[in-house]
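Chain by chain, the residues run as shown.
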Amino acid sequence: MYNFEIIPQETPNVIRNCGKCKRNTEFYCSEKFRVNSNQKLVDVWVIYNCTHCEGTWNFPILSRVHVNNINSDLYHKFISNDKETIWRYAFQSKLLRKQCHEVNTNIRYELREEKIDLKSNNLTIRFYCKYELDLRIDKVLSEILGISRSNLKNWNLMR
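This is a predicted model, so every value here is computed, not measured.

Secondary structure assignment for the chain yields five helices and eight strands. Element order for the chain, N to C, with α for helix and β for strand: β-β-β-β-β-α-α-α-β-β-β-α-α. Over its C-alpha atoms the chain spans a radius of gyration of 20 Å, topping by over 25% the 15 Å that the globule rule assigns to 159 residues. Overall size of the chain, expressed as C-alpha extent along the three principal axes, is 65 × 40 × 25 Å. A fraction of 59% describes how many contacts in the chain between residues 6 or more apart in sequence connect residues 24 or more apart. Approximately 10,400 Å² of the chain is accessible, and the part contributed by carbon and sulfur atoms is 43%. Taking the average location of the 25 positive side-chain charges in the chain and that of its 18 negative ones, the two points are 5 Å from each other.

Calculation rules
Residues numbered from 1 in each chain as written. Predicted model: local features only at pLDDT ≥ 70, side-chain atom pairs only at ≥ 80, totals over all residues. Heavy atoms only, no water. Helix = DSSP H or I, 4+ residues; strand = E, 2+ residues; numbered from the N terminus. Rg over C-alpha atoms; globule rule 2.2 N^0.38 Å. Contact = heavy atoms within 4.5 Å. Areas by Shrake-Rupley, 256 points an atom, 1.4 Å probe, with all protein chains shown as cover. Lys, Arg positive; Asp, Glu negative; His and termini not counted. Charge placed at Lys NZ, Arg CZ, Asp CG, Glu CD.

Right, here's the structure in full:
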């Protein structure tokens, strides 16, 4: 049995209209939250920057939520720009697609392999990633096995 952890090396970029550039352009995650409170109501965004002009776009996470309804540990992570929390939101492709023209999920990643010796004639491969990664499993398998995706399809493994 083999376990593979998929470790992203970057967050996905998004394509959306830039107010400064006046056109659709690519934005990258700044790895920072913007937290704004009006009395006891809180708004939280992940800040994205335009790759051309450094203009910003705020990806909404919470909108007009009473401060008592936010977990105190999570609120502290927002305030302190906790990288893991930011990445968790930056990988929510379905939500990002609702706000953007496109989400570029073709990102660099690392594979960390752990072989577990079990007495079996079957090959078992498990994948793990702590983020919602929009990644084709046939691409990862072809990389691990060192064969093309078309050859992998011919093996009839993908059922």
